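# Chains, contacts and geometry: an overview
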Amino acid sequence: MRNTHSRSVQVFVLVAVLTLTGCLGKLRPTAVPTATTVPPTATAVPPTATLPPTPTPTPDARISSLEGVRSAVIYIEAQGAFAVPGVGLQVNSGGSGSGFIIHESGLAVTNNHVVTGAALLRVWIGGEGEPRNAKVLGVSECSDLAVIDIDGEGFPYLEWYDGQVSAGLDIYAAGFPLGDPEYTLTRGIVAKERASGETSWASVDSVIQHDASTNPGSSGGPIVTGDGKVVAVHYAGNPDTIQQFAIGRNEALKVIDEMRAGRDVNSVGVNGTAFITDEGLSGIWVSSVESGSPADGAGVKGGDIIIRLEGLILSKDGTMSDYCDILRSHSASDTLKIEVYRTPTGERLEGQLNGRALEVVSIPVVPTPQTAPGQPSTAAYSGYVLVTDDFGVLQVEVPQEWSDVDGSPWVRNGQEIGASVAASSDLEGFVGTFTTPGVFFGASRVLLQEYDVNTLLDNADFSDECTYDGRYEYDDGVYVGFYDLYTDCGSVQASIISTAAMPESGAFIVWVLTQVVTEADIDAFSQIVDTFDVVGNLP
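Read on for an overview of the structure. Remember, predicted model here, so these are calculated numbers, not experimental data.

Summing up its helical and strand segments, the protein chain has eight helices and 33 strands in all. Across the protein chain, every contact between residues at least 6 apart in sequence was considered, and the portion connecting residues at least 24 apart equals 65%. About 21,100 Å² of surface is accessible on the protein chain, with carbon and sulfur atoms providing 48% of the total.

Let us look at the state of the cysteines. Counted according to the given criterion, the structure contains two disulfides. Shown here is the disulfide that connects Cys 142 with Cys 324, its sulfur atoms set 2.2 Å apart. Its S-S torsion of about -100° marks the bond between Cys 142 and Cys 324 as left-handed, since a negative value means left-handed. With Cys 142 in the loop between strand 8 (132–140) and strand 9 (145–150) and Cys 324 in helix 5 (residues 321–328), this pair connects stretches of sequence that are 182 residues apart.

Judged by nonpolar contacts, the single largest core of 55 residues is most densely connected at Val 69, Ile 74, Ile 101, Ile 148, Ile 150 and Tyr 235. Formed by 33 residues, the second largest nonpolar core is a distinct cluster that contains Val 398, Val 421, Tyr 474 and Phe 532.

With that settled, the discussion passes to the pairing of strand 24 (residues 394–399). Of all six residues in strand 24, six are buried, a share of seventy percent or more. Relative to strand 24, strand 23 (residues 384–388) runs antiparallel, the two sharing five bridges. Looking across to strand 24, one finds that Tyr 384 is bridged to Pro 399. Remark: five residues form the turn of the hairpin made by strand 23 and strand 24, two consecutive strands paired antiparallel; Gly 392 in that turn has positive phi of roughly 75°. Two strands pair when backbone bridges link them, and strand 24 and strand 33 (residues 533–534) are joined in this way by two bridges, in the antiparallel orientation. Paired with Leu 394 across the strands is Val 534, a residue of strand 33.

Scoring rules and cut-offs
- Residues numbered from 1 in each chain as written.
- Predicted model: local features only at pLDDT ≥ 70, side-chain atom pairs only at ≥ 80, totals over all residues.
- Heavy atoms only, no water.
- Helix = DSSP H or I, 4+ residues; strand = E, 2+ residues; numbered from the N terminus.
- Contact = heavy atoms within 4.5 Å.
- Areas by Shrake-Rupley, 256 points an atom, 1.4 Å probe, with all protein chains shown as cover.
- Disulfide = S-S within 2.5 Å.
- Core = buried A, V, L, I, M, F, W, Y, C linked by side-chain atoms within 4.5 Å.
- Buried < 20%, exposed > 50% of the residue type's maximum accessible area, 1.4 Å probe, protein only.
- Pairing = 2+ DSSP bridges.

Given below as structure tokens:
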């Protein structure tokens, strides 16, 4: 199959994120909860010496009362360079969150989205007027957890609750919401034992819903019982519905030991947020990158958008679910294909995590199609399917919605000249109008008697009804040739990409004609380019 080749497409920028620079202000929040970290700003206010004094811990430093919890809950300020959608890179900015100490040596738990990618961490512990430094030992992007090591030792610490976590259990939320240095403790109950953990910044298997009041900055703080035992780690809240969410004890314990040992879990080293626009464009926005991580090694930067991982489109539902499912299906050292869109330059790059570095693979920028009233929706396609011709020698992946498929032989002037397959939601509309997207893929030995790649493109001219943008080189590592780009076709301002290419052997010529009408079709075109192939002997 063609998608097993090493493909370095160097000519196409028709991907579903071409308009993100202009659309980032319209991101649609599909995941209801929101992260409760105070967002990065250049003016984060650290706590002062007004914090209450630390209660005297028990001889072994374990906290065994609600009153003692405050001595083990920490205020975290993360400083560094963070990329903010619609704003750009913010240098020397800071965000704040909460956390709690789990070992007297200074090991503490917080959220991944609080600390990953920060240049430095400052931690305030109850009763101390000056911050301590801390370093990140390990993180889990998908579980949204991190373990940090605070300078010093002999700290009071919290233990995990070992009872049944059930609806109605009395709990308390401890932390430092809104960047306020004053310790805050609110009361509530476990409202739901198992809630959905799919959000735009994590994909957590075990989440509880509670009703103790929280705010931005509460992220990473403990949810505790009346005797100070940790039930869960707070990470999200929905102020509209007064729902709060915390990472369950069992989920946390699964990964904390590995993070304590200095290993990241289900992570590539990004502080990312999934998004989807009203037009159906999606990806993972990278606000910062952990130095030395697989993402850093590949060349991912803050402000990049990860649009595909292992060939799969990410965040089609606005959550991290697909992204995290891919990470959970591989080990930390596996080589994974990654595709990103670099917002400052408008470049599309492809490379590998734990492999080759990102390289620019696109040059010309195609205007985003404009959907006219009454024309097809720009919503993302539901998925892709492999279609073949009647001979079984051609294959290409197309949107599931393009169910009108014709695999009959390629015919010209009443003569069969090769194999072909065409697909669209309506082939008649695709052939006869500019309002219906679709693709024609043909391969022929016979045409080589009359045409090379340039003359074949010359013969397929749409300039009477479209604006001719130009001819560009095409080389995907398997087929080499040229493609013509036509824009502003018809009243819907569709685009046509006409590609003629040959394999290295020169044994046949292929022609791929794609009509792009909506933004969703840009992604479809990218999938077509990645998957079209001749896999058998042509007639």
